[in-house]
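# Structural features, examined
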Amino acid sequence: MTSNGPEKSHATLRYTSLRVSIFLGCLLVALLLGHFQIIPVSGEAGMIFLFLLAAVASAPLSYALLSKQRDEMSTQISGKVSGMRNRTADRIAAQNAEEDAVDDAARAAAAGQS
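Let me sum up the structure you'll find in this document. (Residues numbered from 1 in each chain as written. Predicted model: local features only at pLDDT ≥ 70, side-chain atom pairs only at ≥ 80, totals over all residues. Heavy atoms only, no water.)

## Some words on helix 1 (residues 11–35)
Its 25 residues place the ends of helix 1 36 Å apart at the C-alpha level, agreeing with the 36 Å of an ideal helix rising 1.5 Å per residue. Packed against the buried residues of helix 1 are helix 2 (43–65) and helix 3 (67–113). Where helix 1 terminates, the next one or two residues include Gln 37, which has phi positive at roughly 60°. (Helix = DSSP H or I, 4+ residues; strand = E, 2+ residues; numbered from the N terminus. Expected span 1.5 Å × (residues − 1). Contact = heavy atoms within 4.5 Å.)

## A closer look at the pattern of salt bridges
Summed over all chains, the structure comprises 1 salt bridge. When the shortest N-O distance is used, the salt bridge between Arg 14 and Glu 72 registers 3.5 Å. Of the two residues, Arg 14 is situated in helix 1 and Glu 72 in helix 3; the sequence distance between them amounts to 58 residues. Overall, the relative accessible area of 27% leaves Arg 14 in the partly exposed class. Residue classification places Glu 72 among the buried positions, given a relative accessible area of 16%. (Salt bridge = Lys/Arg side-chain N within 4 Å of Asp/Glu carboxyl O. Buried < 20%, exposed > 50% of the residue type's maximum accessible area, 1.4 Å probe, protein only.)

## Overview of a negative patch on the surface
A cluster of acidic residues, Glu 98, Glu 99, Asp 100, Asp 103 and Asp 104, forms a negative patch at the surface. Along the polypeptide, Asp 104 turns up in helix 3. What makes Asp 104 partly exposed here is its relative accessible area of 47%. (Patch = residues over 30% accessible without salt bridge, like charges linked within 9 Å, V, L, I, M, F, W, Y side chains within 5 Å. Areas by Shrake-Rupley, 256 points an atom, 1.4 Å probe, with all protein chains shown as cover. Lys, Arg positive; Asp, Glu negative; His and termini not counted. Charge placed at Lys NZ, Arg CZ, Asp CG, Glu CD.)

## Points about unusual backbone geometry
Of note in this structure, Gln 37 is not a glycine but carries a positive phi near 60°. Positionally, Gln 37 belongs in the loop between helix 1 and helix 2.

Everything listed here is a matter of coordinates, which is why it stays silent on function.
If you want it as structure tokens, here you go:
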């Protein structure tokens, strides 16, 4: 596990699976409402309407219910991006130091020949 602990190690997977679950729950409700003719549905257009209705209904529910998981996911992602940024900066600094050493050695060799 990471240093964040087991509860935060898969924050993105947890958020995504909960978000999909909320959508599927809304879709089930919409399909049931369509099946029992509470919402009039006919043909493919009606099915598309039910999917859109489920998406529109699940968005505010996800926003309200999953704020904690969204914050954990954001913390996890920003930590990974920060770590990548630090590793990249360290690698660039090492490459610059290596190039400087080669330049210094070439200048010293050129000064020694003069």
